[in-house]
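Close look at the chain arrangement
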Amino acid sequence: MTQYADLVGEVKSECPGAPDPEIERKIRDAAIELCRESKVLQLDLTAISLLADIALYPLNPPAGRSIVQVMSGQIQDYDPLNQISADSLDLWWKRPMDAPRWFVDCCGSCSSDSSRAGDWRQITQDPPTAFYIDRQNTQYRVRLVGIPTAAIADALVMKVALMPSRDSTEVDDWLVERYFDTLSNGAKGRLMRMPKKQWSDPSTATYYLNLFEVNISEARREGLRDFTRDDQSVEHV
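Residues numbered from 1 in each chain as written. Predicted model: local features only at pLDDT ≥ 70, side-chain atom pairs only at ≥ 80, totals over all residues. Heavy atoms only, no water.

**Considering the packing of helix α5 (residues 173–192) against helix α6 (residues 202–222)**
Two numbers describe a pair of packed helices, the interaxial angle and the distance between the axes. Put simply, the rule reads: Angles here are taken between N-to-C directions and fall from 0 to 180 degrees, while the axes themselves are lines fitted to C-alpha atoms, restricted in helices to the stretch in contact. The secondary structure listing takes helices from DSSP runs of H or I that are at least 4 residues long and strands from runs of E that are at least 2 residues long, numbered from the N terminus. The handedness criterion is simple: a crossing whose near helix is rotated anticlockwise from the far helix by less than a right angle is left-handed, and one whose near helix is rotated clockwise is right-handed. Note on contacts: a residue pair is in contact if any heavy atoms of the two residues lie within 4.5 Å.
Taken N-terminus to C-terminus, the directions of α5 and α6 make an angle of 145°; their axes are 8 Å apart at the nearest point. Once α5 is placed against α6, the crossing between them reads as left-handed. Counted together, R178, Y179, D181, T182, N185, G186, K188, G189, R190 and M192 of α5 and P202, T204, A205, Y208, L209, L211, F212, N215, A219 and E222 of α6 form the full contact between these two elements.

Shown next, in the form of structure tokens:
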């Protein structure tokens, strides 16, 4: 990991007078936006052990990172889980004739009577077939569709896109190596657009921020390809 403080020099050279703590904040803001908008930083979270009769599991990102989006999920040694919304599950429960085959199989014998007792939240299945994301503020939780009836150790693997958290002090080395100019452009643009500062320069700020947006678009396009690191199972895409 690289400390934001170690990246100050390149930005400071074009923003004379800007205090180091402010430069560090702007570099962090640029890293957050880059990861949030392009989803270049992806990680398989530590495998979660399933518990009997428990459907809801919190997702805990590594320290200094926040979840941008849940990308996929899988019960180890089985096919990837279907990712779906609760609204779609409610609709399919009422109208199983519109549901995909995996949902019908999960529910067993489904009637077209939408007033029947119970709902899909009560279905049990080993292993579960699908999941949806139940988010409360910044806490992401995965809700399995079919509730497991037996405990399975280290079974559930969730892949997430990550970004640095607001209180982070460091960023992934490979992100700096690959997107150093992007982080620098974003930080310079943010600093120079600050009003009434020694380093204020609105026209140059616009130039750097436009360049930063181009950099993010390029990073997003790179998401069509996969580049995998072994260290901590981090993937940059």
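**Let's talk about the confidence of the model for the protein chain**
What counts here: Per residue, pLDDT captures the predictor's confidence, and it can take any value from 0 to 100.
Within the protein chain, residue pLDDT values average 87, and 89% of them lie at 70 or more. Across residues 109–117, where pLDDT falls below 50, the model places ten contacts with residues more than four positions away in sequence or in other chains. Across residues 227–233, confidence stays below pLDDT 50; counting only partners more than four residues off in sequence or on other chains, it has 14 contacts.

**Observations concerning the pattern of salt bridges**
Stated formally: For salt bridges, the criterion is a side-chain nitrogen of Lys or Arg within 4 Å of an Asp or Glu carboxyl oxygen. Burial status follows relative accessibility: with a 1.4 Å probe on protein chains alone, a residue under 20% of its type maximum counts as buried, one over 50% as exposed, and anything between as partly exposed.
The tally for this structure, following the rule as stated, stands at 13 salt bridges. Across the pair K188 and E14 runs a salt bridge whose closest N-O atoms are separated by 2.8 Å. Placement of K188 in helix α5 and of E14 in the loop between α1 (8–12) and α2 (20–38) is noted, with a sequence separation of 174 residues between them. On the basis of relative accessibility, which here comes to 3%, the residue K188 falls in the buried class. One connected set of salt bridges, linked through shared partners, spans E10, E14 and K188.

**Quick look at helix α3 (residues 86–94)**
Helical geometry note: an α-helix holds 3.6 residues per turn, so side chains three or four residues apart project in the same direction. Formally: Picture the helix axis, draw a direction to every C-beta atom, and the arc is the one those directions span.
Every buried residue of α3 is listed here: L89, W92 and W93. For α3, the angular spread of buried residues about the axis comes to 105°, placing them on one side. Close packing links the buried residues of α3 with α4 (101–107), β7 (130–136) and β8 (139–145).

**Considerations on the side chain of R143**
Using the following cut-off: Pairs of N or O atoms within 3.5 Å make up the polar contacts considered here, provided that, within protein, one atom can donate a hydrogen while the other can accept it, and that residues adjacent in sequence are counted only when both atoms are side-chain atoms.
Note on placement: R143 falls in strand β8. For R143, the side chain forms a polar contact with the main-chain oxygen of R121, separated by 2.9 Å.

**Some thoughts on the sheet that holds strand β6 (residues 82–83)**
The condition that has to hold: A pair of strands is labelled paired if DSSP reports no fewer than 2 bridges between them.
The strand order across the open sheet built from four strands is β4-β8-β7-β6, with neighbouring strands paired in mixed fashion. This sheet does not close on itself; its edge strands, each paired only once, are β4 (56–59) and β6. Pairing of β4 with β8, which is carried by four bridges, proceeds in the antiparallel orientation. Bridge pairing in β8 links P58 to R141.

**Brief notes about the side chain of N215**
Along the chain, the position of N215 falls in helix α6. If we ignore the near neighbours within four places in the chain, the residues touching N215 are D181, T182 and N185.

**Considering the packing of aromatic side chains**
Let me state the cut-off plainly: Ring pairs are drawn from Phe, Tyr and Trp, using the six-membered ring of Trp, whenever the two centres fall within 6.5 Å, and their geometry is named by plane angle: stacked under 30 degrees, edge-to-face over 60, tilted for the rest.
Going through the model one piece at a time under the given rule, you end up with six aromatic pairs. Grouped by ring-pair contacts, the aromatic residues W92, W102 and F103 constitute a single cluster.

**With respect to the nonpolar core**
Selection rule: In these notes, a set of buried Ala, Val, Leu, Ile, Met, Phe, Trp, Tyr and Cys residues joined through side-chain atoms within 4.5 Å is what counts as a nonpolar core.
If you look at the biggest cluster of nonpolar residues, it comprises 53 residues, and the most contacted ones within it are L59, V142, L144, L156, L175 and L191. Ignoring any residue separated from it by four or fewer positions in sequence, one finds L175 in contact with L34, C35, V40 and F180.

**Describing the layout of surface pockets**
Heads up, the rule is: Note on definitions: the grid is 1 Å and covers protein atoms alone; a cavity is a set of points where a 1.4 Å probe fits but cannot get out; a pocket is an open set with protein on both sides within 12 Å along at least five of seven lines; lining residues have an atom within 4 Å of a point. Grid points are joined across faces, edges and corners, and a volume is the space filled by probe spheres set on the points. Here the nonpolar group is Ala, Val, Leu, Ile, Met, Phe, Trp, Tyr, Cys and Pro; Asp, Glu, Lys and Arg are the charged ones; every other residue, Gly included, is treated as polar.
For the largest pocket, the calculated volume is near 210 Å³. The wall of the largest pocket is formed by R36, L59, P61, R65, S66, I67, V68, R135, T138, Q139, Y140 and M163. Going through the elements one at a time, β5 (65–75) and β8 are the ones with two or more residues in the lining of the largest pocket. Here the element with the most residues in the lining of the largest pocket is β5; it accounts for four residues. In terms of residue class, the lining of the largest pocket is made up of six nonpolar, three polar and three charged.

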